[in-house]
Amino acid sequence: MSAAPHLVISGVSKRFGAATVLDRVDLTIRRGELVTLLGPSGCGKTTLLRAIAGLAPPDGGTIALAGRDVTHVPPHRRNVGVVFQSYALFPHLTVAGNVAFGLKVRGAPKAEIDRAVERALSLVKLGHLGSRRISALSGGQQQRVALARAIAVEPDVLLFDEALSALDRKLREEMQVELRRLLQEVKATAIFVTHDQDEALTMSDRVAVMNKGRIEQLAEPRELYARPASLFALNFVGLSTRIAGQVVGGSNGTVEVVTPVGRLSARGAFQPGASVIVATRPEQLRLGTGDGANSAAGRVRSVVFQGSRTLVDVDAGAGASLLAELSGREAELPRVHDEVRFAWPVAETFAFAAEAS
Amino acid sequence: MTDAVLPAPIVKAAPDRERLAAFGFVAPSVLIIALVFVLPLALLLGVSVLDPKGGVTVAHYARLLGTPYYLGVIWNSLRLGLLTTLIAFLISYPAAFALARARGALRSILLATLFLPLAASVIVKAFAWTILLRSDGLINTVLIAVGIIEDPIRMIFTQTALIVGAVNIFLPFMVLPIYAVVAQLDGRYAEAAATLGASPLVVFFRVILPLTLPGIIAGVALVFSLSVSAYVVPTLLIGEKYPTLATTIAKAYLLAREPGFGAAAGVVLLAIAIIVVALSAMLSREPK
């Protein structure tokens, strides 16, 4: 993976009537990078993808792909590959006919087309189905044909618009892992659009969390999970414990917050008196008091066993609740109605401005 | 991921008993179709080759296919059918897209303008055209009044009148089947083709046109079989000087009292319609 910028989106805006769907979005993607645009429906992620593909030109800003300004270049002169949610496979063509389409319309010689089709189909493990009709394929197979069709033209960037969401859960999870391996194998630069956080964390080198037409955070999956930049990013990716409180003091990037469950320390920079939400991830919580750590007590409301982990929901009083994830190695799990105390490290506690979202 | 997660569709052969039961259910429909469609056709075919003096004869067919006059009649029918179909298609194809794109009240109004004329008799519509096109008709009167022309233009009883009237009357049968297909067309096909490098023109010829073919075939089959056998339209809009198979059949039955000859002309007309419709369906298949 080289560091050279491959796709540069700067200040891209898009309005539909009075609604601003994209609000001056900046995003730079390196060659060979797999990036996910993650967000709820209406956050602008699909519109951004369509702007990159040339299907919905932006109202403002520029898009440069492989060193060329393509902002106003029509889609057929861009060299992008798109895998649609509905796949949009041509029903009047065979599997091989679909995969060959891009090369045919570019006027490639027949021998080259045949080679490329064979290669693309074998990459997605459908080498034996070239002469099938599209209607004779399962959903998973259609997904693979759509992928083969998009990679056959060797596009500068591959765009996936909720491409896995039509598959059932088991197939989708297998496809996530396989797709990531395959894209790395062909050294493709790819952008996925999804509202599925698991898909985003599994498939991408970096995740862009989008909200209201803006990118709230762009980070590697681990960092996004461990260091969410906003309350929205925290809520959208993974589970968390969130407690509202008021800042009473602090120093060196740490604030002291008074909350219904007691005084807590958290990472953040706020003036005394500010209303904040203090949050942490459930696996940071441990039974006991902990030394120099945040801690809170309450009564167990529910215990949900999920195999390798157990989720414990604790009523900490005054409307606050704690969510703890305990591993299967824990000696003894609490039971419903037990009085328990949890502790968690200050370094893994974040404070966010309360008025956001 | 292995192929095991993508099981092949299970195809089970129906046992004979199930097939028998299935036939039992369709038997009444088969019977009705046989009585209403097959029997009259068989009678028509029979009458066309039976000699009233006894025996079988091909004299009627020989007269139809061996006389220059009747070959001209056949050509007139074919020409009317082909021209009407072609012009109706050229108008209907873009119209179907416009109809599919239209929203709300506009769409309802456009659909109504297509459907409502179907409720009026073809005789009424043909007469309406004669009123418009006559030498003292609406168009000539207006043109003279405005001063564009001094003497009336001859429009009625011309081939132009015939084709204009036929296209107008049969147009809905072309627009509606194409519209039905276009309205179902997923816009993503065109987008996918564009991202794969197809220019708008290539998208049209390689994707849109093939995907809308079923509607086109249905429209062509309907309009051609209606216009090739039209009787009222040529009778009222052009008359004696453009004899067609349909007007020849009517004359054979009503004036000449030659049911055998009329039946033979009917069989030829039917054969033309079947051949052209089958041909258009075959030609439109995507070449492999």
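A.B. asks: Got a sec to walk through the overall build of chain B? Specific residues and values, please.
C.D. replies: Each helix and strand in chain B was counted, giving 12 helices and zero strands. Its C-alpha atoms give chain B a radius of gyration of 25 Å, more than 25% over the compact-globule value 19 Å for 288 residues. For chain B, the C-alpha atoms occupy an extent of roughly 80 × 65 × 35 Å along the three principal directions. Long-range pairs, those at least 24 residues apart, make up 71% of the contacts in chain B between residues at least 6 apart in sequence. Total accessible area on chain B is roughly 16,600 Å²; 74% of this is exposed by carbon and sulfur atoms. Here chain B holds 19 positive side-chain charges and 12 negative ones, and the gap between their average locations is 2 Å.

A.B. asks: Give me the packing of aromatic side chains: which residues, what numbers.
C.D. replies: Evaluation of the coordinates by the stated rule reveals 11 aromatic pairs over all chains. With centroids separated by 5.5 Å and ring planes inclined at 40 degrees, the aromatic side chains of B:Phe89 and B:Tyr93 adopt a geometry described as tilted. In this pair, B:Phe89 and B:Tyr93 are both assigned in helix 3 (residues 68-101), four residues apart and thus about one turn of the helix distant. Where B:Tyr93 meets B:Phe97, the ring centres are 5.1 Å apart and the plane angle is 65 degrees; that geometry is what we call edge-to-face. Taken together, the residues span about one helical turn, with B:Tyr93 and B:Phe97 both in helix 3 at a distance of four residues. An aromatic cluster is built from B:Phe89, B:Tyr93, B:Phe97, B:Phe204 and B:Phe205, whose rings are joined through pairwise contacts. Sitting above the plane of the A:Tyr225 ring, A:Arg281 keeps its charged end 4.2 Å from the centroid. Against the face of B:Phe261 rests B:Arg63, its NZ or CZ located 3.9 Å from the ring centre.

A.B. asks: Help me get a handle on helix 7 (residues 159-184) of chain B, residues and values and all.
C.D. replies: Between its first and last C-alpha atoms helix 7 of chain B spans 37 Å; for 26 residues at 1.5 Å apiece the expected length is 38 Å, and the two agree. The sharpest bend along helix 7 of chain B measures roughly 50 degrees and falls at B:Phe170, with the proline B:Pro172 sitting one to four residues further on.

A.B. asks: An account of the sheet that holds strand 9 (residues 206-211) of chain A is requested, with residue identities and associated values reported.
C.D. replies: Residue and element names in this part refer to chain A. Here we have six strands laid out as an open sheet, ordered 6-7-8-3-9-10, and mixed in their pairing. Bordering the open sheet on either side are strand 6 (80-83) and strand 10 (214-219), each of which pairs with just one other strand. Within the sheet, the average angular offset between the axes of one strand and its neighbour, ignoring direction, is 20 degrees. Pairing of strand 9 with strand 10, which is carried by five bridges, proceeds in the antiparallel orientation.

A.B. asks: Residue-level account of helix 2 (residues 59-66) of chain B, with values.
C.D. replies: Residue and element names in this part refer to chain B. When we look at burial in helix 2, the residues that qualify are His60, Tyr61 and Leu64. Mapping the buried residues of helix 2 onto a view down its axis gives an arc of 95 degrees, with all of them on the same face. Buried positions along helix 2 lie against helix 1 (16-49), helix 3, helix 11 (245-254) and helix 12 (259-283).

A.B. asks: Tell me about the domain arrangement of chain A, and please be specific about residues and values.
C.D. replies: Residues and elements named next belong to chain A. Split by domain assignment, chain A resolves into domain 1 (5-235) and domain 2 (239-353). Between the C-alpha centres of domain 1 and domain 2 there is a distance of 38 Å. Contact residues are listed per partner, giving 10 residues for domain 1 and 13 residues for domain 2. Of the roughly 940 Å² buried between domain 1 and domain 2 on both sides combined, carbon and sulfur atoms contribute 54%. One can count one salt bridge joining domain 1 with domain 2. A salt bridge links Glu348 to Arg227; its shortest N-O distance comes to 3.3 Å. In this structure, the connection of domain 1 to domain 2 is made through five residue pairs in polar contact (both at pLDDT 80 or more). Its residues assigned to classes, the side of domain 1 that touches domain 2 shows seven nonpolar, two polar and one charged.

Basis of the calculations
- Residues numbered from 1 in each chain as written.
- Chains lettered and ligands numbered in written order.
- Predicted model: local features only at pLDDT ≥ 70, side-chain atom pairs only at ≥ 80, totals over all residues.
- Heavy atoms only, no water.
- Helix = DSSP H or I, 4+ residues; strand = E, 2+ residues; numbered from the N terminus.
- Rg over C-alpha atoms; globule rule 2.2 N^0.38 Å.
- Contact = heavy atoms within 4.5 Å.
- Areas by Shrake-Rupley, 256 points an atom, 1.4 Å probe, with all protein chains shown as cover.
- Lys, Arg positive; Asp, Glu negative; His and termini not counted.
- Charge placed at Lys NZ, Arg CZ, Asp CG, Glu CD.
- Phe/Tyr/Trp six-rings, centres within 6.5 Å; stacked < 30°, edge-to-face > 60°.
- Lys NZ or Arg CZ within 6 Å of the ring centre and 35° of its normal.
- Expected span 1.5 Å × (residues − 1).
- Bend = angle between axes of the 7 residues up to and from the residue.
- Pairing = 2+ DSSP bridges.
- Axes fitted to C-alpha atoms, helices over the stretch in contact; angles between N-to-C directions.
- Buried < 20%, exposed > 50% of the residue type's maximum accessible area, 1.4 Å probe, protein only.
- Arc of directions from axis to C-beta.
- Domains from an automatic or database assignment.
- Buried area = accessible area lost by both parts, 1.4 Å probe.
- Salt bridge = Lys/Arg side-chain N within 4 Å of Asp/Glu carboxyl O.
- Polar contact = N/O pair within 3.5 Å; in protein donor to acceptor, adjacent residues only side chain to side chain.
- Nonpolar A, V, L, I, M, F, W, Y, C, P; charged D, E, K, R; others polar.

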